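# Summary of the model geometry
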Amino acid sequence: MTMSRFAQRLSDHGLELTRGVTTTLQVNVGLACDLTCRHCHLGAGPWQTELMTSAVIEDVIACAARIPFACIDITGGAPELLPELPYLLSGLAERAPKLIVRSNLTALSLPGSAALPELYRDLKVSVVASLPAVNASQTESQRGSGAWDTAIRTLQKLNVLGYGLAGSGLELDLVSNPVGAFLPPGQAATEKRFRQELARRHDISFNRLFTFANVPLGRYLEWLESSGNLSVYREKLESCFNPSTLPGLMCRSLISVNWLGIIHDCDFNLAAGLQHGRAPLNISELHEVPSEGTPIPVGDHCFACTAGSGFT
Amino acid sequence: MQTYYDPSDLKKFGEIGKDAPELADKFFDYYGSVFADGALSEREKTLIALAVAHAVQCPYCIDAYTVACLEKGSNLEEMTEALHVVTAIRGGASLVHGVQMRKVAEKLSL
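Let me begin by describing the structure that accompanies this report. Counting restarts for each chain, with residues numbered from 1 along the sequence as it is written. Written order determines the labels here, with chains lettered from A and ligands numbered from 1. Under the rules for a predicted model, residues below a pLDDT of 70 receive no local features and side-chain atom pairs below 80 are neither given nor counted, while totals for whole chains, interfaces and linings still include all residues. Computation of side-chain values covers all heavy atoms of the structure but excludes hydrogens and water.

### A word on the packing of helix α3 (residues 85–93) of chain A against helix α4 (residues 116–123) of chain A
Residues and elements named next belong to chain A. As a reminder of what qualifies: Note on definitions: angles span 0 to 180 degrees between N-to-C directions of axes, and those axes are lines fitted to C-alpha atoms, for helices only across the stretch in contact. To qualify as a helix, a DSSP run of H or I must reach at least 4 residues; to qualify as a strand, a run of E must reach at least 2; elements of each kind are numbered from the N terminus. Each angle gets one of four labels, with under 35 degrees taken as roughly parallel, over 145 as roughly antiparallel, 65 to 115 as roughly perpendicular, and the rest as oblique. Contacts: residue pairs with any heavy atoms within 4.5 Å of one another.
One can describe the packing of α3 onto α4 by two numbers: an axis separation of 11 Å at closest approach and a directional angle of 5°. What the angle tells us is that α3 and α4 run roughly parallel. Taking contact as the criterion, the partners of Leu-85, Pro-86, Leu-89, Ser-90 and Ala-93 in α3 are, on α4, Leu-116, Leu-119, Tyr-120 and Leu-123.

Written as structure tokens, this is what we have:
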């Protein structure tokens, strides 16, 4: 088997990527999504039918009951499209000090999601929302027509519920991914700018903003190939390899379970089909977190998490 | 087709110091300091650089600072407005010389 360029780079630096202390369980409930974002590493979309079954949901809740995770992080697709999401959240809320739902903001505004914002508030769920830019054209070129106005309205509604407001205890964080084949801007300067612009133009508050590079997998990889940007983007990621990002990479402290119940080391390895361990491990068989020092499978997509200040 | 400008030459900019390294070092040190965060943010400075790149019509600079502006979080509306600022100044610089033209013409005319 040929060694990936990322594995070769680690070897060149005398480094290994191994697990640290696992504190977070990430739960990917499926590929169903109301949007078809062009940077999606999973290829999620409205036609996708993969959703976590009731049996796997029970397995996830049971796992959270027997293993004390500091954080449980629900993602997708759009988690709001999982009909059992209220049940899943209620089952997990008491199991971990921190419960996160990643939202594209538009799915939270669908008629079927009408009760979710209040449920999030009542369960003290932290919301991590995708918002690539502070203007409509960039936001919609990544996320589709109409996404900007809906995202702004949803953020305003979350603010009304107390999300993102000082002292409320209700966290609203934003995630900004670049709208194209280039690297993200610095986090501190971008957070300052988003805070100013969203407050000034839309009266929106939030807690923190994270900027992350897009990972060349799924639909984003297809776009890089079709637009002729793939080789330049890969060169850029590889030239920005920063070995000091390794200790803080999220795959060292997180395990990810997909809608079938199979464990991976992160959502990108899940998208790339790199499972945790030698044989598929089902969450129902997970009785303790992986040991420190367990090797993490890598691929060339890992360069996206080690570029610049990294994806932690 | 061969052209005077080759995009891959941009990566060779550092080689310009080969026969005058001390001067190149001073230039690149200065260059780096100019673009560091200061009273103006790095993002604002790259927008200025993009506009000036169009004024001096440097293809290397336009390429480099288009990417830099995007990577600093600027968007196309802002980048296009920056071009209009430099265009206004370039156009205005021509037009304001009309004052001289008029002064000369008015002196010569009945």
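### Points about the nonpolar core
Residues and elements named next belong to chain A. Put simply, the test is: Put simply, buried Ala, Val, Leu, Ile, Met, Phe, Trp, Tyr and Cys residues joined by side-chain atoms within 4.5 Å make one nonpolar core. Only protein chains enter the calculation, and the probe is 1.4 Å; a residue is then buried if its accessible area is under 20% of its type maximum, exposed if over 50%, and partly exposed in between.
Of all hydrophobic cores here, the largest spans 64 residues; its most connected members are Val-60, Ile-72, Ile-74, Leu-88 and Tyr-120. If you tally residues by element for this core, the top one is helix α2 (residues 54–66), at 6 residues. In this structure Ile-74 touches Val-27, Val-29, Pro-79, Leu-85, Leu-88, Leu-89, Leu-92, Leu-99, Ile-100, Val-101 and Arg-102, once residues within four positions along its chain are discounted.

### Re the sheet that holds strand β7 (residues 254–257) of chain A
Residues and elements named next belong to chain A. To keep it simple, the criterion reads: Strand pairing follows a simple DSSP-based rule, namely that at least 2 bridges must link the two strands.
Taken in spatial order, the 8 strands line up as β6-β5-β4-β3-β2-β1-β7-β8 in an open sheet, and their pairing is mixed. Sheet topology places β6 (209–211) and β8 (263–264) at the edges, where each strand pairs with a single neighbour. Bridge count for strand β5 (residues 172–176) against β6 is 3 bridges, and the pairing is parallel. Paired with Leu-174 across the strands is Leu-209, a residue of β6. The sheet strands contacting helix α6 (residues 147–160) are β4 (126–130) and β5, and the helix crosses β5 at an angle near 160°.

### Some remarks on the side chain of Ser113(A)
Relative to the assigned elements, Ser113(A) resides in the loop between β3 (98–103) and α4. Those residues in contact with Ser113(A) that lie beyond four places of it in its chain are Glu80(A), Ala107(A) and Leu108(A).

### Section: the packing of α2(A) against α3(A)
Residue and element names in this part refer to chain A. Rules: Residues are sorted three ways: Asp, Glu, Lys and Arg are charged, Ala, Val, Leu, Ile, Met, Phe, Trp, Tyr, Cys and Pro are nonpolar, and all the rest, Gly among them, are polar.
Where α2 meets α3, the axes come as close as 9 Å, and the angle between the chain directions of the two elements is 10°. With respect to their mutual orientation, α2 and α3 come out roughly parallel. In this structure, α2 uses Ile-57, Glu-58, Val-60, Ile-61 and Ala-64 to contact α3, whose residues at the interface are Tyr-87, Leu-88, Gly-91 and Leu-92. Across the contact of α2 with α3, the residue classes tally to 7 nonpolar, 1 polar and 1 charged.

### Things to note about the side chain of His264(A)
Residue and element names in this part refer to chain A. Threshold: The definition of a polar contact used here is a pair of N or O atoms within 3.5 Å, where within protein one atom must be able to donate a hydrogen and the other to accept one, and adjacent residues in sequence count solely through side-chain atom pairs.
Along the chain, the position of His-264 falls in strand β8. Since its relative accessible area comes to 5%, His-264 is described here as buried. Within polar-contact distance, the side chain of His-264 engages the backbone oxygen of Ile-262 at 3.2 Å. The residues contacting His-264, other than those within four sequence positions of it, are Ile-255, Ser-256, Asn-258, Asn-269, Leu-270, Leu-274, Gln-275 and His-276.

### Description of unusual backbone geometry
Residue and element names in this part refer to chain A. In this model, Gly-76 is joined to Gly-77 through a cis peptide bond whose omega is 25°. Examined against the element boundaries, Gly-77 turns out to sit in the loop between β2 (71–75) and α3. In this model, Lys-124 sits at a positive phi of 60°, which is unusual for a non-glycine residue. Take Lys-124: it is sitting in the loop between α4 and β4. Judged by relative accessible area, which is 52%, Lys-124 ranks as exposed. The backbone of Asp-203 shows a phi angle near 55°, a positive value even though the residue is not glycine.

### Some details on the interface of chain A and chain B
The criterion, for reference: Here the quantity called buried area is the accessible surface, traced with a 1.4 Å probe, that two parts lose on coming together, added over both. A side-chain nitrogen of Lys or Arg and a carboxyl oxygen of Asp or Glu constitute a salt bridge if their distance falls within 4 Å.
Listed as interface residues are 10 residues of chain A and, on the opposing side, 11 residues of chain B. Across the chain A to chain B interface the summed buried area is about 850 Å²; carbon plus sulfur atoms make up 42%. The largest share of the area that chain A buries against chain B comes from Phe182(A), Pro185(A) and Arg193(A), three residues that together contribute 53% of it. Across the contact surface, chain A and chain B share 3 salt bridges. Counting the contacts that link chain A with chain B gives 6 residue pairs in polar contact (both at pLDDT 80 or more). At the level of secondary structure, the elements contributing two or more residues to the side of chain A that touches chain B comprise α5 (136–143) and α9 (230–239) of chain A.

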